[in-house]
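# An overview of the molecular structure
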Amino acid sequence: MLSTKINKYTSMTAINLQNQLAYIWDTLNRSLFILFIMFIFVQLWAAVYGDGGSPDREIAGLTFVNVIWYLLIAETMELGKARHDLAISEEVKDGSIAYRLVRPYNYLVYHFFHNLGETLVRMGLVFLLGLPIVLYYAGLPQIDWWIIPPVVLIMAGGMLLDFFTLSIIGLLAFVTEDIGSFRLIYQKLVFVLGGLMFPLDFLPNWLQGIARSLPFQLTTYAPARLFVRFEWSLFVDFLGMQLLWLAILGVILWLQYRWAVQRLAINGG
Amino acid sequence: MNAIEVNGLEKNFQLKKKTPGLRGSFRSLFRPQIEEITAVSDVSFSLKEGEMLAFIGPNGAGKSTTIKMLTGILFPTAGEATVLGFTPWKERRLMAYHIGSVFGQKPQLWYHLPAADTFQLFARIYELDDAAFKKQRDFLVEAFQIGHLLHIPVRKLSLGQRMKCEIAASLLHRPRIIFLDEPTIGLDVVAKQQIRRAIRALNEEDNTTIFLTSHDAGDIESLCKRVIIINHGRMIFDNRTSILKRQYLTKKVIDVRFGERLDSPFHLPHVETLKQGTYGVKLEFDAQAVSVEQVIQQIMNTRPFNDINVQDPPLEDVIREIYQNGHEP
């Protein structure tokens, strides 16, 4: 019984994986951006650290190698996103949400598993494309391999949190014609307060305080920072924050979804 | 047992209205005018299990809105409905295992993948066991004649081929009721006939209840014994298709193109000439007074023709006639 339920949702992941593979060149093209951005980042931080990336120098506790690996992980999290907020908004606008709602599954859970298929392919591609540049300029990360499972856990929490946020944005299509502006705001907040452009450690103290109390850092900064400098206390902090924000955003999303479904009017008859 | 029971169903939508021009735009920012539109009003009927019902009406009549309430997607403003004993909008997910739906203009198959992949996905979503899935899939492949299409990416299929796969996909879980919203829209004659044949086979094999909306009088005549006509959200006719045909679908329109010039006014007994051009005529006649065959024979006797096309009167005319005759549902 349970296995058929699990099967049901994993098959949604599987079909989107197939779909991505059917269009692998398309997905690949969209992922090529990582090459440019990583190359630019390497040049930029090599200049900041001096001597083409001095190995001994630390800024806010992070070495050049730390920063480069940090950026690869953070970019993988950001560029790997499947952007299902657009899919939701399209479904609301063109009325195809009707087909989703007549099926025996939860609409949001469907999107989550469906999303996962695309996210895994894209994250894999982005990471693999960025990897040679990082290895060439920064070498292997100086980490203990046992930290991978806890980092992956924080990654998963971050992905779920991002899924919640983007779902809330996508469902806004019920009230507003275009969700573009909300996406843009969220994206820019992730850029700066989420630590996508540089680790939050480099921000002035007062701004760091703000950034660390907000959820934006939990998707990008948290896993990337833990990967390059693992600390158990930091892990516990991130996990706690993730659980707290998952609860808050989860309640908002659930209320918003119930409200949206009840006031649903299918566009186009 | 009744498959569908509907009582006083009503659905209102709120529509924001804006007066034209810049001033109107500003005004609607601060004081939006909201108009309530009644899409469906006081619709009541019941449908027995295994029955095939045509639910028809012009654009914007409330057909799709009714289907969407019966499939649980929309919440009604008032009224009650049960579908297979479920209240659709309250027990949508439970009910979903037992109903199928095809929304003609909206695709459900994965565009870049072959239909077989979507079929597999649906088998999982509906939690079918392998044997049941394969049996039903083989039956549908046979009924819709889509064996050769299953492994081609959907984007490469023609509209008719795609629609056959779309409908088959909705039937994999052997639903007890199928809601078909304009399943033959935009299709050619052959594809339409194949789809009708398959739907009929399904009804005969599985006693599947069919709830069909269509603009095509052919769909209705060839499939459904019962018709409900809805206009401006209200039911205006609920009776046997044969009665609709006898009373309202009696007129036929024939377009003929001749191989030579028409020099004199075209006239045939029992046939009205609606329009006459240099090479063609548009004729109307009452199929009860004279048969289609007789009329075509008469035309052939006058002079050779290149093309001939027999049509039913548009639904709008039928509805107008129902109103003129003061027919009550």
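Note: the structure precedes this text.
Here's what I pulled together on the structure shown here. What you see is a predicted model, and the numbers here were worked out from it, not measured in a lab.

What counts, and where the lines are drawn
- Residues numbered from 1 in each chain as written.
- Chains lettered and ligands numbered in written order.
- Predicted model: local features only at pLDDT ≥ 70, side-chain atom pairs only at ≥ 80, totals over all residues.
- Heavy atoms only, no water.
- Helix = DSSP H or I, 4+ residues; strand = E, 2+ residues; numbered from the N terminus.
- Buried < 20%, exposed > 50% of the residue type's maximum accessible area, 1.4 Å probe, protein only.
- Contact = heavy atoms within 4.5 Å.
- Areas by Shrake-Rupley, 256 points an atom, 1.4 Å probe, with all protein chains shown as cover.
- Buried area = accessible area lost by both parts, 1.4 Å probe.
- Salt bridge = Lys/Arg side-chain N within 4 Å of Asp/Glu carboxyl O.
- Polar contact = N/O pair within 3.5 Å; in protein donor to acceptor, adjacent residues only side chain to side chain.
- Pairing = 2+ DSSP bridges.
- Axes fitted to C-alpha atoms, helices over the stretch in contact; angles between N-to-C directions.

## Some remarks on the overall build of chain B
- For chain B, the helix and strand inventory stands at eleven helices and 13 strands.
- Projected onto the principal axes, the alpha-carbon positions of chain B cover approximately 65 × 55 × 45 Å.
- Counting every position in chain B, which comprises 329 residues, the buried fraction comes to 49%.
- Restricting to contacts in chain B with at least 6 residues of sequence separation, those with at least 24 account for 69%.
- Only carbon and sulfur atoms are counted for the fraction: they give 48% of the accessible area of chain B, which is about 16000 Å².

## Remarks on the interface of chain A and chain B
- At the interface, 35 residues of chain A touch 30 residues of chain B.
- Buried area between chain A and chain B, both sides added, is near 3000 Å², and the carbon and sulfur share of it is 63%.
- In this structure, glutamate 127 of chain B and lysine 8 of chain A form a salt bridge, with 2.6 Å as the shortest nitrogen-oxygen distance.
- Where chain A touches chain B, the interface holds nine residue pairs in polar contact (both at pLDDT 80 or more).

## Structural notes on the sheet that holds strand S12 (residues 280–286) of chain B
All names here are of chain B.
- Taking strand neighbours across the sheet as the criterion, the four strands line up as S11-S12-S10-S13 in an open arrangement whose pairing is antiparallel. The strands lining the two open edges of the sheet, one partner per strand, are strand S11 (271–276) and strand S13 (305–311). Here the average twist between neighbouring strands, direction ignored, is 20 degrees.
- Note: strand S10 (residues 251–258) against S12, seven bridges, orientation antiparallel.

## A few points about unusual backbone geometry
Residues and elements named next belong to chain B.
- Of note, glutamate 127 is a non-glycine position whose phi angle comes to about 55 degrees, a positive value.
- Looking at the element boundaries, glutamate 127 is found in the loop between helix H4 (115–125) and helix H5 (130–144).
- The phi angle at histidine 232 is positive, at roughly 45 degrees, despite the residue not being glycine.
- The exposed category is assigned to histidine 232, whose relative accessible area is 64%.

## As for the pattern of salt bridges
Residues and elements named next belong to chain A.
- This model, assessed by the stated rule, comprises 21 salt bridges over all chains.
- A salt bridge links aspartate 162 to lysine 81; the nearest nitrogen and oxygen atoms lie 3.0 Å apart. Of this pair, aspartate 162 sits in helix H8 (residues 148–171) while lysine 81 sits in the loop between helix H4 (64–79) and helix H5 (84–94), and the two are 81 residues apart along the sequence.
- Residue classification places lysine 81 among the buried residues on the basis of a relative accessible area of 7%.
- Ionic pairing is found between arginine 212 and aspartate 201, a salt bridge with its closest N-O pair at 3.9 Å.

## A few points about the sheet that holds strand S9 (residues 234–240) of chain B
Residues and elements named next belong to chain B.
- As summarised here, the arrangement of the six strands in space is S5-S6-S7-S3-S8-S9, forming an open sheet in which the pairing is mixed. Since the sheet does not close on itself, it has two edges, and those belong to strand S5 (99–103) and S9, each with one partner. The average undirected angle you get between the axes of adjacent strands in this sheet is 15 degrees.
- As judged from the six bridges shared by strand S8 (residues 226–231) and S9, these two strands associate in the antiparallel manner. Bridging from a neighbouring strand, arginine 226 pairs with arginine 240 of S9.
- Running over the sheet, helix H6 (residues 159–170) touches S5 and strand S6 (177–181) and is turned about 160 degrees from S5.

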